[in-house]
Amino acid sequence: MIDAMTMISSTVDLVLKNAKVFTFHGIITGGVAVDNGKIVKLSKEPEIFRADEVIDAKGFLLLPGLIDSHVHMRDLQLSYKEDFYTGSCAAAAGGITTVIDMPNTAPRTSSFKALREKKAEARNKIVVNVAFYAGFPSRLTEVKQLAKEGIVGFKMYPHDPSEEVDFENEEQVRLYFEAVAENNLPVSIHPDDLETIKKLQSELQQQKLSDIEIFLGSHPPTSERKAIVKYAELGIKAGCRLHFCHVSSMESLAAIKEEQSKGAKITCEATPHHLLLTEEEIKKHETFSKVLPPLRSQNDNTALWAGILDGTINILVSDHAPHSFSEKQKPFLEAPSGFPGLETMLPTMLTKVAYGDLRLEKLVELTSSSPAKIFKLENKGMLIEGYDADMVLVDVKEKWKIDPEKFYSKSKFSPFKDWKVVGKVRKTFIKGLCIISDGKIVVPKGVGSIINISH
Ligand code: DOR
Ligand code: ZN
Ligand code: ZN
């Protein structure tokens, strides 16, 4: 980006040297020079630049900052669960430089007004980059208006009867899909089927079953699969790009492959908890491991890992879903689903890398380059000259134990509690600015940026 003459005469904002820098062409022992938020040089000797700040990163690995495209930042009326400050600090602690926020908030982000209100709340609180999903608006015409406001796409929860749109009405869903496709956006779907859930719930409640059995039995892989097939078919008719969230079962992956072979434009994501935990965990942590879709079987874990390797699963997401401790202490069927994940995704996955179960290139693809492409986050997701200097510096050798009490998230619990992991975040940078160093946030609120996507 910069020639030899300019190199010597100019001063850049930051030089980070002596690191092991991840590139898709191999790891380079060297570093980066950063100016005006961009990587201006990636080389063995970035120190040939004069810099306002020099960081010696000896022994550490520099990765592109993670992009977590499935995060519930909450805030507004749900700020008791999480707010944009605590959520973005949790992201920083987890090496995540960009999060995409989900719209199932109060108020729901399904109108132009609600989106504006959410952005205004986020602006002065965030310490990482934040992009937004919207929910389907009650008026079809508002789809375009929301698209123009820079959202990454629309998110739908077909199992949630409080959504503005009736997702059982296929003709209506098709119209929405067409409108979204016209605006060149994807629709992300939580695949579960309301009709199946309701039927199973009433059947199972007649039987002598535990609450856990009723919960697991009423959200089976077949319900997930049914939703995937139904909306994939509608997606084909409408020519709309679909993204299936947190696929959790063997059957879902098979359905996705089949629909893709019929021409459906589908991408999908998986979570660390569905890859690493099984329903056995629910007996141990009860409501603290209650999540939708539920944790499933060992066979499903195995199928998901195969889906990662064969490329069916495109991205990894945390599905960070914070709730208050008292909500999680309710009886099993009343307690809300979900738990925090921003601070456990990278360490649990780096541990798989350390044990040789996952290639580092694959991890970076799943957590940085691939989400950047799918959601059109320009100049992000890779360490390349000219790209934003969103980076995370990790000690891949450090062994430590996950302690939810130390989370920045307001939700101080996790099914990964006490897990021994290998790989710790040392520093996270957004546009070359160090936001967290050895676990301490070192910037004021509001240094993060709101990302608006242009289509
Ligand atoms: O467990 C979950 N919690 N799954 C979801 O899809 C929603 C999320 C939440 O918002 O709490
Ligand atoms: Zn979901
Ligand atoms: Zn979610």
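In what follows, the accompanying structure is described. (Residues numbered from 1 in each chain as written. Chains lettered and ligands numbered in written order. Predicted model: local features only at pLDDT ≥ 70, side-chain atom pairs only at ≥ 80, totals over all residues. Heavy atoms only, no water.)

## Regarding the overall build of the chain
1) Next: In terms of regular secondary structure, the chain is built from 15 helices and 17 strands.
2) Next: At 22 Å, the chain has a C-alpha radius of gyration in line with the 23 Å of a compact globule built from 455 residues.
3) Next: Expressed as lengths along the three principal axes of its C-alpha atoms, the size of the chain is roughly 75 × 50 × 40 Å.
4) Next: The 455 residues of the chain split such that 60% are buried.
5) Next: Across the chain, contacts joining residues at least 24 apart in sequence account for 75% of those joining residues at least 6 apart.
6) Next: Split by element, the accessible area of the chain, about 17,900 Å² in all, is 51% carbon and sulfur. (Helix = DSSP H or I, 4+ residues; strand = E, 2+ residues; numbered from the N terminus. Rg over C-alpha atoms; globule rule 2.2 N^0.38 Å. Buried < 20%, exposed > 50% of the residue type's maximum accessible area, 1.4 Å probe, protein only. Contact = heavy atoms within 4.5 Å. Areas by Shrake-Rupley, 256 points an atom, 1.4 Å probe, with all protein chains shown as cover.)

## What to know about the coordination of the zinc ion (ligand 2)
Four donors placed tetrahedrally about a metal ideally form angles of 109.5 degrees, and six donors placed octahedrally ideally form angles of 90 or 180 degrees.
1) Next: Those donors, His 190 (ND1) and His 246 (NE2), are the protein atoms that reach the zinc ion (ligand 2), and they lie 2.1 Å from it.
2) Next: Taken as a pair, the zinc ion (ligand 2) and the zinc ion (ligand 3) show a spacing of 3.6 Å. With a gap of 56 residues between them, His 190 in the loop between β10 (186-189) and α6 (194-206) and His 246 in the loop between β11 (241-244) and α9 (250-261) connect regions that are remote in the sequence. The pair formed by His 190 and His 246 is uniform in burial state, with each residue classed as buried. (Donors = N, O, S within 2.8 Å, 3.2 Å for Na, K, Ca; no water.)

## Notes on the coordination of the zinc ion (ligand 3)
1) Next: Looking at the zinc ion (ligand 3), one finds its protein donor set to be His 70 (NE2), His 72 (NE2) and Asp 319 (OD), positioned 2.0 to 2.2 Å from the metal centre.
2) Next: If you list the donors of the zinc ion (ligand 3) from N- to C-terminus, the spacing comes out as H-x1-H-x246-D.
3) Next: Note on Asp 319: relative accessible area 7%, which makes it buried.

## Side note on the site of ligand 1
1) Next: Around ligand 1, the surrounding shell consists of His 72, Arg 74, Asn 104, His 190, His 246, Val 291, Leu 292, Ala 321, His 323, Ser 337 and Gly 338.
2) Next: At 2.8 Å, a side-chain N or O of His 190 approaches an oxygen atom of ligand 1.
3) Next: Under a 2 Å grid-point criterion requiring more than half of the atoms, the pocket assigned to ligand 1 is the largest pocket. (Near = heavy atom within 4 Å. Polar contact = N/O pair within 3.5 Å; in protein donor to acceptor, adjacent residues only side chain to side chain. 1 Å grid on protein atoms, 1.4 Å probe; cavity = no way out; pocket = protein on both sides within 12 Å on 5 of 7 lines; lining within 4 Å. Sits in = over half its atoms within 2 Å of the grid points.)

## Quick look at the nonpolar core
1) Next: One finds Phe 136, Phe 177, Tyr 231 and Phe 244 to be the most contacted residues of the largest nonpolar core, which totals 95 residues.
2) Next: If you tally residues by element for this core, the top one is helix α8 (residues 221-238), at six residues.
3) Next: Once residues within four sequence positions are removed from consideration, Phe 177 is found in contact with Phe 136, Met 156, Val 187, Ile 189, Tyr 231, Leu 234, Gly 235, Ala 238, Cys 240 and Leu 242.
4) Next: Among the nonpolar cores identified, the runner-up in size contains 17 residues, and Ala 19, Ile 55, Ala 57 and Leu 383 belong to it. (Core = buried A, V, L, I, M, F, W, Y, C linked by side-chain atoms within 4.5 Å.)

## Considerations on the sheet that holds strand β9 (residues 153-156)
1) Next: In spatial order, the strands read β6-β7-β8-β9-β10-β11-β12-β13; together these eight strands make up an open sheet with parallel pairing. Looking at the sheet topology across the chains shown, the edges are occupied by β6 (66-71) and β13 (315-316).
2) Next: As paired elements, β10 and β11 share four bridges and run parallel to each other. Looking across to β11, one finds that Pro 186 is bridged to Arg 241.
3) Next: Across the face of the sheet, α8 comes into contact with β9, β10, β11 and β12 (266-270) while running at roughly 165 degrees to β11. (Pairing = 2+ DSSP bridges. Axes fitted to C-alpha atoms, helices over the stretch in contact; angles between N-to-C directions.)

## Brief notes about the pattern of salt bridges
1) Next: All chains considered together, the criterion is met by 33 salt bridges.
2) Next: Where Asp 388 meets Lys 38, a salt bridge forms, and the shortest distance between an N and an O atom there is 2.8 Å. Remark: Lys 38 occurs in strand β3 (residues 38-43) and Asp 388 occurs in the loop between α15 (360-374) and β14 (391-401); sequence separation between them is 350 residues.
3) Next: The exposure class assigned to Asp 388 is buried, which follows from its relative accessible area of 7%.
4) Next: A relative accessible area of 28% means that Lys 38 is categorised as partly exposed.
5) Next: Across the pair Glu 327 and Lys 81 runs a salt bridge, and its minimum N-O distance is 3.1 Å. Here the residue Glu 327 occupies a position in helix α13 (residues 325-328), and Lys 81 occupies one in the loop between β6 and α2 (84-93), the gap between them amounting to 246 residues. Like Glu 327, the residue Lys 81 is buried in the burial classification.
6) Next: Members of the salt-bridge network, linked through shared partners, are Glu 168, Asp 193, Glu 195, Lys 226 and Lys 230. (Salt bridge = Lys/Arg side-chain N within 4 Å of Asp/Glu carboxyl O.)

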